[in-house]
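Examining the three-dimensional arrangement
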Amino acid sequence: MKTTFAIAGLATMLAHGAQAGELYIVSRCAPISLLTGFIAEDPFAPSSPIFVDGKRLGELRVCDALRTSVPPGKHNVRVKLAGKSDYGISSDAGMDVIAGTAPIYIVMYSNSFTGADAVDPQSGRQFLSDVRTARGK
């Protein structure tokens, strides 16, 4: 009987170890001039396609976030900027991240989407909260 529980416990731990984690890709909120309408174009219009492991996740806008589940391991995140950048997250190489079961937050340097950093969970949650507040979600 103890062996059965031990095997069941091990199977549960292994199953939990293989669970998918969440990957958030966050675009910082724009300078106040964009948010208050001092420019002609819509700052919230769809902008740049985002790819995770070569599969299109969606389009990232200014002051926005995309979320996907990823299994543990190495993953590639890329922004397609139609040839505007050959370095950073928008290059052909993109950006590699290592996922576990905890959320990963990738935050763009600026609204040009050419560079990004993986930030600590506390900062990531704050950036995500800022986006949700600004967009009224």
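Now for a description of the structure that goes with this document. (Residues numbered from 1 in each chain as written. Predicted model: local features only at pLDDT ≥ 70, side-chain atom pairs only at ≥ 80, totals over all residues. Heavy atoms only, no water.)

Topic: the nonpolar core
Membership of the largest hydrophobic core comes to 19 residues, with the highest contact counts inside it found for Leu-23, Ile-25, Ile-89, Ile-106 and Met-108. Looking at this core, the elements with two or more residues in it are β1 (21-27), β2 (48-52), β4 (64-70), β5 (73-79), β6 (95-99) and β7 (104-108). Among all residues touching Leu-23, those that are not within four sequence positions of it are Val-52, Leu-66, Arg-67, Thr-68, Val-70, Val-77, Ile-104 and Ile-106. Grouped together as the second largest cluster of nonpolar side chains are eight residues, Tyr-24, Val-107, Leu-128 and Val-131 included. (Core = buried A, V, L, I, M, F, W, Y, C linked by side-chain atoms within 4.5 Å. Buried < 20%, exposed > 50% of the residue type's maximum accessible area, 1.4 Å probe, protein only. Helix = DSSP H or I, 4+ residues; strand = E, 2+ residues; numbered from the N terminus. Contact = heavy atoms within 4.5 Å.)

Let's talk about the sheet that holds β6
Spatially, four strands are ordered β3-β2-β5-β6 in an open sheet, and the strand pairing comes out antiparallel. Of all strands in the sheet, those bounded by a partner on one side alone are β3 (55-60) and β6. Strand-to-strand, the axes of this sheet are offset by a mean angle of 30 degrees, without reference to chain direction. Across three bridges, β2 lies against β5 in antiparallel orientation. The residue bridging Ile-50 from the neighbouring strand is Val-79, located in β5. (Pairing = 2+ DSSP bridges. Axes fitted to C-alpha atoms, helices over the stretch in contact; angles between N-to-C directions.)

Focus on the state of the cysteines
By the definition in use, this model includes one disulfide. Disulfide pairing places Cys-29 opposite Cys-63 at an S-S distance of 2.1 Å. Its S-S torsion of about 45 degrees marks the bond between Cys-29 and Cys-63 as right-handed, since a negative value means left-handed. Taken together, the residues span a long stretch of sequence, with Cys-29 in the loop between β1 and α2 (32-35) and Cys-63 in the loop between β3 and β4 at a distance of 34 residues. The class of Cys-29 is partly exposed, set by a relative accessible area of 27%. For Cys-63, a relative accessible area of 0% puts it in the buried group. (Disulfide = S-S within 2.5 Å.)

Thoughts on the sheet that holds strand β8 (residues 116-119)
Pairing is mixed in the open sheet, where four strands are placed in the order β4-β1-β7-β8. Strands with a single pairing partner mark the edges of an open sheet, and in this sheet they are β4 and β8. Here the strands of the sheet are splayed against their neighbours by 20 degrees on average, with no regard to which way each runs. The sheet contact formed by β7 and β8 spans four bridges and is antiparallel.

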